[in-house]
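Overview (structure and organization)
Spelled out, the chains give:
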Amino acid sequence: MDIDIIAKALKELGHPTRLTIFKSIIRAGYQGIAVGGLQEQLSIPGSTLSHHISSLASAGLLSQRREGRTLYCVAEYDKLQSVIGFLQDECCIDEVKSNSCKESSCN
């Protein structure tokens, strides 16, 4: 995955309010959570919540769907997995190279 896309997602998640919002959306599961319920749950003014939801959506971390008059936010779990995987794929990669070099006497 492109590092700029990952950086954007991490940037948006780096804001405490957006991280709190995203955590609530993740907890709601695949059915999502109504924006009104999210606002009530987190006690965030509507305009502020809208701004933060827009930022998370622009990073591809959530999508929205409308059912009648209710707007739901749904986490994009594949995108979240991509961001986490991007970091996990690099875990200890240099350590493995160093250890294999020590074992085979690489210099």
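Preceding this section is the structure that the text describes.
Summary of the structure given here. (Residues numbered from 1 in each chain as written. Predicted model: local features only at pLDDT ≥ 70, side-chain atom pairs only at ≥ 80, totals over all residues. Heavy atoms only, no water.)

1. Brief notes about the pairing of strand β2 (residues 62–67)
The line we're drawing: Two strands pair under a simple rule: DSSP has to find at least two bridges between them. Only DSSP runs of H or I reaching four residues or more are called helices, and only runs of E reaching two or more are called strands; each is numbered from the N terminus.
Sheet analysis places β2 next to strand β3 (residues 70–75), joined by six bridges and oriented antiparallel. The residue of β3 that forms the bridge with Arg 66 is Leu 71. Remark: two residues form the turn of the hairpin made by β2 and β3, two consecutive strands paired antiparallel; Gly 68 in that turn has positive phi of roughly 65°.

2. Remarks on the side chain of Ser 24
Put simply, the rule is: We call a residue buried when its accessible area falls under 20% of the maximum for its residue type, exposed when it is over 50%, and partly exposed in between, using a 1.4 Å probe and counting protein chains only. Contacts: residue pairs with any heavy atoms within 4.5 Å of one another.
In this fold, Ser 24 is placed in helix α2 (residues 16–28). A relative accessible area of 10% means that Ser 24 is categorised as buried. With residues up to four places along the chain from it excluded, the contact list for Ser 24 reads Leu 38, Gln 41 and Leu 42.

3. Brief notes about the packing of α2 against helix α4 (residues 46–58)
Keep this limit in mind: All axes are obtained by fitting lines to C-alpha atoms, using only the stretch in contact for helices, and the reported angles, taken between N-to-C directions, cover 0 to 180 degrees. With respect to orientation, any angle under 35 degrees is reported as roughly parallel, any angle over 145 as roughly antiparallel, any angle of 65 to 115 as roughly perpendicular, and every other angle as oblique. In the scheme used here, Gly and all other residues not listed as nonpolar or charged are polar, with Ala, Val, Leu, Ile, Met, Phe, Trp, Tyr, Cys and Pro taken as nonpolar and Asp, Glu, Lys and Arg as charged.
Two elements in contact, α2 and α4, have axes whose closest approach is 10 Å; the angle formed by their N-to-C orientations is 75°. It follows that α2 is roughly perpendicular to α4 by the angle criterion. Across the interface between the two elements, Thr 17, Arg 18, Ile 21 and Phe 22 of α2 pack against Leu 49, His 51, His 52, Ile 53, Ser 55 and Leu 56 of α4. Class assignment for the residues of the contact of α2 with α4 results in five nonpolar, four polar and one charged.

4. Here we look at the pattern of salt bridges
As a reminder of what qualifies: Criterion for a salt bridge: a side-chain nitrogen of Lys or Arg within 4 Å of a carboxyl oxygen of Asp or Glu.
As enumerated under the stated definition, the model contains four salt bridges in all. The closest approach of N and O atoms between Glu 12 and Lys 11, which form a salt bridge, is 3.6 Å. Among the residues examined, Glu 12 registers a relative accessible area of 3% and is labelled buried. Residue Lys 11 is classed as exposed on the basis of its relative accessible area of 56%. The partner of Glu 67 in a salt bridge is Arg 65, with the nearest N and O atoms 2.8 Å apart. Salt bridges sharing common partners tie together Lys 8, Lys 11, Glu 12 and Arg 18.

By themselves these figures say nothing about function.
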